[in-house]
Amino acid sequence: ISNKSKLNFVRIAAHIHEVKQIIPVIKRLKKLGYFICLNVMQVSEIKNDEIRSICQTSKSNKVDVLYIADSLGCLNSKDLLRIIKQFKKFWYGDFGIHAHDNLNKALNNSILAKKNGVNFIDSTLTGMGRGPGNVKTEEILKKLSLLNPSSEFKLKNLIKSYFKPLKK
């Protein structure tokens, strides 16, 4: 990576049918030394044969982290488990989830994903994001017991001072 770059990783979001089209971009970024995360969007619509293909393409192009994105925020736990199970058949590297909160399932789906082998969980402070937003950082940290009282206080102050006004 160029010493002038302030980035060390790039996450590329692509719909299921776009994954093969972005391979030249992934190859170029890998050649430049970037850590690559591939965010497969709208996984609620994915078929098992597409999962296998995406995993094979990701492996052969040295993707570092493969993410499933519930872009529509509509996955129920049964479908999420099926999708995770299928990905884990073909993908052995780091695995992430990016959950939207359209049906208020982002937190529970993220916890379920973690319990089933996902080791990266996206979150945003106050859930700020497209549409109804994403899983809230403050909620996922609390649920995973990753906040001590001092950190929780600082996080609440940060949210109150900066993110609530931004959200408005």
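Structure's up top.
Residues numbered from 1 in each chain as written. Predicted model: local features only at pLDDT ≥ 70, side-chain atom pairs only at ≥ 80, totals over all residues. Heavy atoms only, no water.

Draft legend 1. Spatial organisation of the nonpolar core. Leu38, Val40, Ile46, Ile54, Leu66, Ile68 and Phe87 are the most contacted members of the largest nonpolar core, which totals 39 residues. Contributions of two or more residues to this core are made by β1 (9–15), α1 (23–31), β2 (35–41), α2 (48–60), β3 (65–70), α3 (77–90), β4 (94–99) and α4 (106–115). For Ile68, the contacting residues outside a window of four places in its chain are Val40, Val43, Leu80, Ile83, Ile84, Phe87, Phe95, Gly96, Ile97 and His98. (Core = buried A, V, L, I, M, F, W, Y, C linked by side-chain atoms within 4.5 Å. Buried < 20%, exposed > 50% of the residue type's maximum accessible area, 1.4 Å probe, protein only. Helix = DSSP H or I, 4+ residues; strand = E, 2+ residues; numbered from the N terminus. Contact = heavy atoms within 4.5 Å.)

Draft legend 2. Structural view of the packing of aromatic side chains. Applying the stated criterion across every chain, the model contains 2 aromatic pairs. Centre to centre, the rings of Tyr67 and Phe120 are 6.2 Å apart; their planes meet at 65°, and the pair counts as edge-to-face. Of this pair, Tyr67 sits in strand β3 while Phe120 is found in strand β5 (residues 120–121), placing the two residues 53 residues apart along the sequence. A relative accessible area of 4% means that Tyr67 is categorised as buried. The exposure class assigned to Phe120 is partly exposed, which follows from its relative accessible area of 29%. Relative to Phe95, the ring of Phe87 lies with its centre 5.6 Å away and its plane at 35°, an arrangement referred to as tilted. A cation sits over an aromatic face here: Arg11 above Tyr67, 4.6 Å from the ring centre. (Phe/Tyr/Trp six-rings, centres within 6.5 Å; stacked < 30°, edge-to-face > 60°. Lys NZ or Arg CZ within 6 Å of the ring centre and 35° of its normal.)

Draft legend 3. Inspection of the packing of α2 against α3 at higher detail. Axis separation between α2 and α3 bottoms out at 9 Å; the angle between their running directions is 40°. Taken together, the axes of α2 and α3 are oblique relative to one another. Every pair of crossing elements has a handedness; the one defined by α2 and α3 is right-handed. Side by side, α2 and α3 meet where Asn48, Ile51, Arg52, Ile54, Cys55 and Lys59 of the first sit next to Arg82, Ile83, Gln86, Phe87 and Phe90 of the second. (Axes fitted to C-alpha atoms, helices over the stretch in contact; angles between N-to-C directions. Parallel < 35°, antiparallel > 145°, perpendicular 65-115°, else oblique. Left-handed = near helix turned anticlockwise from the far one by under 90°.)

Draft legend 4. Geometry of the side chain of Thr137. With respect to the secondary-structure elements, Thr137 resides in helix α5 (residues 137–143). Here the side chain of Thr137 touches Leu125 through a polar contact of 3.4 Å, landing on its backbone nitrogen. Each residue touching Thr137, except ones within four places of it in the same chain, is listed here: Ser123, Thr124 and Leu125. (Polar contact = N/O pair within 3.5 Å; in protein donor to acceptor, adjacent residues only side chain to side chain.)

Draft legend 5. Structural view of the environment of Ser71. Tracing the sequence through the fold places Ser71 in the loop between β3 and α3. Judged by relative accessible area, which is 8%, Ser71 ranks as buried. Expressed as a C-alpha distance, the spacing of Ser71 and Ile26, which sit 45 residues apart in the sequence, is 21 Å.

Draft legend 6. Local environment of the pattern of salt bridges. With the rule as written, the count across this model stands at 4 salt bridges. Between Glu152 and Lys156 there is a salt bridge, with its nearest N and O atoms 3.6 Å apart. Remark: Lys156 and Glu152 occur in helix α6 (residues 149–167); sequence separation between them is 4 residues, near one turn of the helix. The class of Lys156 is exposed, set by a relative accessible area of 51%. In the salt-bridge network here, residues are joined through shared partners; they are Lys142, Glu152 and Lys156. (Salt bridge = Lys/Arg side-chain N within 4 Å of Asp/Glu carboxyl O.)

Draft legend 7. Up close: the pairing of β3. Of all 6 residues in β3, 6 are buried; the element is thus mostly enclosed. Where burial is concerned, the two faces of β3 agree: the one with Val65, Tyr67 and Ala69 and the one with Leu66, Ile68 and Asp70 are both buried. Strand direction decides the pairing type here: β2 and β3, joined by 4 bridges, are parallel. Among the inter-strand pairings, Cys37 is bridged to a residue of β3, identified as Val65. Strand direction decides the pairing type here: β3 and β4, joined by 6 bridges, are parallel. Opposite Leu66, over in β4, you have Phe95 as the bridge partner. Read as a crossover between parallel neighbours, the route from β3 over α3 to β4 is right-handed. (Pairing = 2+ DSSP bridges. Right-handed = clockwise from strand over helix to strand, strands pointing away.)

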